[in-house]
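The residues making up each chain are set out below.
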Amino acid sequence: MARIEIDEHSGFCFGVVTAIRKAEEELDRTGHLYCLGDIVHNSNEVERLKAKGLITIDHEQLKQLHNVKVLLRAHGEPPETYRIAAENHIEIIDATCPVVLQLQRKIKTAYDSNPPGEAQIVIYGKTGHAEVNGLVGQTHGQAVVIENDHDLGKIDLDKKLLLYSQTTKSVEGFRHIVDEIKHLKPDGRFESFDTICRQVANRIPNIREFARRHDLVLFVCGKKSSNGRVLFGECQQVNPQSHLVSDISEIDPAWLEGKESIGICGATSTPRWLMTEVQDYVARLLEGETPVSSPEKQPE
């Protein structure tokens, strides 16, 4: 029978672990808690916590709430969210990741000390991503977000440029953007700040090595995870026999044929219990048992 291994470096990052711990502590006490946005970009984990009493809301729904508790997830929020909460007497359970919080403060300080008419804050990140929205909020919406080379036209090359990065972007991608801006702006009025979380970035060399030593890789990840897409891309580069699945329902038994070593890994938003579930399911397939289509009960 094939060897099945779960990557020991995969799974929740520190910020997500903290957010889920804070949510579960409150749910254990009261059985009820609001969360602004999905607590993690993994629908399976969101559903598990929903069963415990976690209610996911959006920003419009937040405005309608009064005298309740609301969890702010690891991605962070703009100042406007805190203002609304204060006005509506909402108690905030703040689970903003310390790395994100530090970046927010850096960007706010830079914005406050550099007049918009003279300097431009540029953020390398995904437009509309929760973390990026929180970062842009530190500049009253004035920061420019760039995702790739095609967005470089948004930059005002006549101004001093201050470049920061969403914490979960790749180091290689950030360095490429730095080089491109330097080429476009030779006057030297450009500063870049590598604000990528190393707990996330360091997973790239680890996951490359993990994918390299297996015949087949099952990358378990929610469809909304930008970090997951980056890490899955790294797996595919070194091992074309890599497949992204959100849960056991997306596993094709044909992938397992002739494979002697199967690796299971995931994103910083992938719960360990879900990777274990995939491992167990694959083992049953290889043993010739009739697998269940879904678990009877998700692990606590």
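None of these values were measured; they are calculated from a predicted model.

Undergrad: Give a detailed account of the environment of isoleucine 6, specifying residues and quantitative values.
TA: With respect to the element layout, isoleucine 6 can be found in strand E1 (residues 3-6). The spatial distance from the C-alpha of isoleucine 6 to the C-alpha of phenylalanine 210 is 9.4 Å, given a sequence separation of 204 residues. Setting aside chain neighbours within four positions, we find isoleucine 6 in contact with Phe210, Ile264, Arg272, Met275, Thr276 and Gln279.

Undergrad: I'd like to hear about the sheet that holds strand E9 (residues 190-192), residue by residue, with values.
TA: Strand order in this open sheet of four strands is E7-E6-E8-E9, and the pairing throughout is parallel. Two strands bound the open sheet, and with one partner strand each, they are strand E7 (144-146) and E9. Geometrically, the sheet is characterised by an average inter-axis angle of 25° between neighbouring strands, direction not taken into account. In terms of strand pairing, strand E8 (residues 160-165) meets E9 through three bridges, oriented parallel. The residue bridging leucine 163 from the neighbouring strand is serine 192, located in E9. On top of the sheet, helix H5 (residues 98-113) reaches strand E6 (119-124) and E8; it is set at about 170° to E8, its chief contact.

Undergrad: Which residues make up the packing of H5 against helix H6 (residues 130-137), and what values do they have?
TA: Relative to each other, H5 and H6 sit at 30°, their axes nearing to 8 Å. It follows that H5 is roughly parallel to H6 by the angle criterion. For the crossing formed where H5 meets H6, the hand is right-handed. Facing H5, whose interface residues are Val100, Leu103, Gln104 and Ile107, H6 presents Glu131, Gly134 and Leu135. By residue class, the composition of the contact of H5 with H6 is four nonpolar, two polar and one charged.

Undergrad: Describe in detail the layout of surface pockets, supporting the description with residues and values.
TA: Roughly 330 Å³ of volume is contained in the largest pocket. Lining the largest pocket are 25 residues, with Cys13, Val16, His75, Thr168 and Thr268 positioned closest to its centre. At the level of secondary structure, the elements contributing two or more residues to the lining of the largest pocket comprise helix H1 (14-30), H5, helix H8 (198-201) and helix H10 (226-238). The greatest single-element share of the lining of the largest pocket, amounting to three residues, is contributed by H1. Class assignment for the residues of the lining of the largest pocket results in 11 nonpolar, 13 polar and one charged. Here the second largest pocket defines a volume of roughly 210 Å³. In this structure, the second largest pocket is lined by Tyr124, Lys126, Gln166, Thr168, Lys169, Ser170, Glu172, Ser226, Arg229, Val230 and Glu234. Counting residues per element, the lining of the second largest pocket draws most heavily on H10, which supplies four residues.

About the thresholds
Residues numbered from 1 in each chain as written. Predicted model: local features only at pLDDT ≥ 70, side-chain atom pairs only at ≥ 80, totals over all residues. Heavy atoms only, no water. Helix = DSSP H or I, 4+ residues; strand = E, 2+ residues; numbered from the N terminus. Contact = heavy atoms within 4.5 Å. Pairing = 2+ DSSP bridges. Axes fitted to C-alpha atoms, helices over the stretch in contact; angles between N-to-C directions. Parallel < 35°, antiparallel > 145°, perpendicular 65-115°, else oblique. Left-handed = near helix turned anticlockwise from the far one by under 90°. Nonpolar A, V, L, I, M, F, W, Y, C, P; charged D, E, K, R; others polar. 1 Å grid on protein atoms, 1.4 Å probe; cavity = no way out; pocket = protein on both sides within 12 Å on 5 of 7 lines; lining within 4 Å. Points joined across faces, edges and corners; volume = space filled by probe spheres on them.

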